[in-house]
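Given next are the chains, with one letter for each unit.
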Protein chains: 2
Amino acid sequence: MKTFEQELSHLSSLITDMGGMVERQVALAAAAVRERDADAAEQAVKADREVDALERECEQFIIRLLALRQPLAQDLRQIVAALKISGELERIGDYAKNVAKRSLVLAHLDAPFATAGIGHMAELVQENLKEVIDAFGAGDAEKAAAVWRSDEAIDDIYNALFRELITYMMEDARNITSCTHLLFIAKNLERMGDHATNIAEMIYYAARGEPLPEDRPKGGAAGYAPGAEERP
Amino acid sequence: MKTFEQELSHLSSLITDMGGMVERQVALAAAAVRERDADAAEQAVKADREVDALERECEQFIIRLLALRQPLAQDLRQIVAALKISGELERIGDYAKNVAKRSLVLAHLDAPFATAGIGHMAELVQENLKEVIDAFGAGDAEKAAAVWRSDEAIDDIYNALFRELITYMMEDARNITSCTHLLFIAKNLERMGDHATNIAEMIYYAARGEPLPEDRPKGGAAGYAPGAEERP
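If you're wondering where the values come from, they're calculated on a predicted model, not measured in any experiment. (Residues numbered from 1 in each chain as written. Chains lettered and ligands numbered in written order. Predicted model: local features only at pLDDT ≥ 70, side-chain atom pairs only at ≥ 80, totals over all residues. Heavy atoms only, no water.)

### Remarks on the interface of chain A and chain B
With 51 residues of chain A at the interface, the matching set in chain B holds 51 residues. For the pair chain A and chain B, the summed buried area comes to about 4,500 Å², and 59% of that belongs to carbon and sulfur atoms. For the interface between chain A and chain B, the tally reads four salt bridges. For the salt bridge of Glu88(A) with Arg91(B), the shortest nitrogen-to-oxygen distance reads 2.8 Å. (Contact = heavy atoms within 4.5 Å. Buried area = accessible area lost by both parts, 1.4 Å probe. Salt bridge = Lys/Arg side-chain N within 4 Å of Asp/Glu carboxyl O.)

Shown next, in the form of structure tokens:
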């Protein structure tokens, strides 16, 4: 029989594995959009089943852990955070799958727009994902807070992309369908960034027992007009 | 000191209250879009803080419950489901807030499009939300499965709306900005429906100890082209 410490460490590695898998899925989805790589798109879609399976494994492991040990205080907060984080990761994977699927549709359309911006957003999302998973592994509340703050850069690119894509649509009606898909891809990436900040909040709370003290800076906070979606 | 039964029933009423609050929030957001009612929009935005507060209350109550009682088997599954459901409800509330905010932007634009379809989608989302919360209260797996199946109708309206809005954009470039906001509003409603099906899956699993046996029917399953976002 394993010790409780060993079980907590197994839980931590389940989350880390899941994070790594989702990170790769995001990279594949971004390559699919940037390089019209149908192969990468299919791999990103397929990876989603593994991510879902890992989420279920986490949940079952956590339920067993709660039933057999009676964890208290910080351990309990940590375990509940792991459950919620696995849900957030599953959601990010889901968005990556959606991006990959849209890239397959885009491949049939003439859409040379905004792929640099989307590539840049995807890189930042991957970076934040990596950092936040590292912060989880290390129980590092400060590192989590840094990820949370840096989401603003992703929002800024999203807002710029939104405006850019609208102008392409206005210039030529033939761009509308492809730019709409690109808008949704950009929005999906922006949401992935939001989910990474949710994870950061959970890590902070699990480590400190209190929520992050600040209001998150919002990219393009000046207005809702550019289409930015806000998280509280 | 309360009995464990009383505590479980308190948890159940927390979720039910949260569900009712989110349902009202969706109704307000829909009214804001349909009737350009800035007052309803502001109420929907304001309600989000209460929803967030209820989610935190749920989480804290659950952590206490896990620490003090050592619930097992179905009770434990039920409690973990409640934690996850409160997260899904918070997400739906978030989307409702986003819809309300966009309605304020739309009020300044000339956008007489698609509001009937959006109103219809919102009604179906409210109905599914109500049904799924009832299913939770009653622990009724069959009722949950029915909600899960009926999400297809919401997807169908979304796909029709998507096509409709694209045509308005193509007809006149001056429609592009407002139709893009309407597209995101429709997408937000479609995602709310998805979150209601997630809740249905959680209720089914908590009650039966196994996942829903079928693959969910997808509205407009024929293609990804219309912009439908899929959940596994």
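### A word on the relation of the copies chain A and chain B
For these two chains of identical sequence, chain A goes onto chain B by a turn of 180° and a shift of 0.0 Å along the axis, with RMSD 0.0 Å. These values place the two chain copies in the arrangement generated by a two-fold rotation axis. Every residue of chain A has its C-alpha some distance from the rotation axis, and the shortest such distance is that of Gln70(A), at 3.3 Å. Comparing contact sets, 100% of the residues at the interface of chain A also lie at the interface in chain B, consistent with an isologous, same-surface contact. (Least-squares fit on C-alpha atoms with pLDDT ≥ 70 in both.)

### A few points about the packing of aromatic side chains
Applying the stated criterion across every chain yields a total of five aromatic pairs over all chains. Members of the aromatic cluster, each reached through a chain of ring pairs, are Tyr158(A), Phe162(A), Phe184(A), Tyr158(B), Phe162(B) and Phe184(B). Sitting over the face of the ring of Phe184(B), Lys187(A) holds its NZ or CZ atom 5.6 Å from the ring centroid. (Phe/Tyr/Trp six-rings, centres within 6.5 Å; stacked < 30°, edge-to-face > 60°. Lys NZ or Arg CZ within 6 Å of the ring centre and 35° of its normal.)

### Section: the pattern of salt bridges
Considering all chains together, one arrives at 25 salt bridges over all chains under this definition. A salt bridge links Arg64(A) to Glu7(A); its shortest N-O distance comes to 3.4 Å. Here Arg64(A) is found in helix 2 (residues 38-68), whereas its partner Glu7(A) is found in helix 1 (residues 4-35), with 57 residues between them in sequence. Residue class for Arg64(A) comes out partly exposed when judged on its relative accessible area of 41%. Among the salt bridges present, the one from Lys97(B) reaches Asp48(B), with a minimum N-O distance of 3.7 Å. (Helix = DSSP H or I, 4+ residues; strand = E, 2+ residues; numbered from the N terminus. Buried < 20%, exposed > 50% of the residue type's maximum accessible area, 1.4 Å probe, protein only.)

### Some words on the packing of helix 2 of chain A against helix 3 (residues 73-106) of chain B
If you want to describe how two helices pack, look at the angle between their axes and the distance between the axes. Where helix 2 of chain A meets helix 3 of chain B, the closest approach of the two axes is 10 Å, and the angle between their N-to-C directions is 130°. Our classification of the angle between helix 2 of chain A and helix 3 of chain B gives oblique. Helix 3 of chain B is crossed by helix 2 of chain A, and the crossing has right-handed handedness. In contact with Glu55(A), Glu59(A), Ile63(A), Leu66(A) and Ala67(A) of helix 2 of chain A, helix 3 of chain B contributes Leu76(B), Arg77(B), Val80(B) and Lys84(B). In terms of residue class, the contact of helix 2 of chain A with helix 3 of chain B is built from five nonpolar, no polar and four charged. (Axes fitted to C-alpha atoms, helices over the stretch in contact; angles between N-to-C directions. Parallel < 35°, antiparallel > 145°, perpendicular 65-115°, else oblique. Left-handed = near helix turned anticlockwise from the far one by under 90°. Nonpolar A, V, L, I, M, F, W, Y, C, P; charged D, E, K, R; others polar.)

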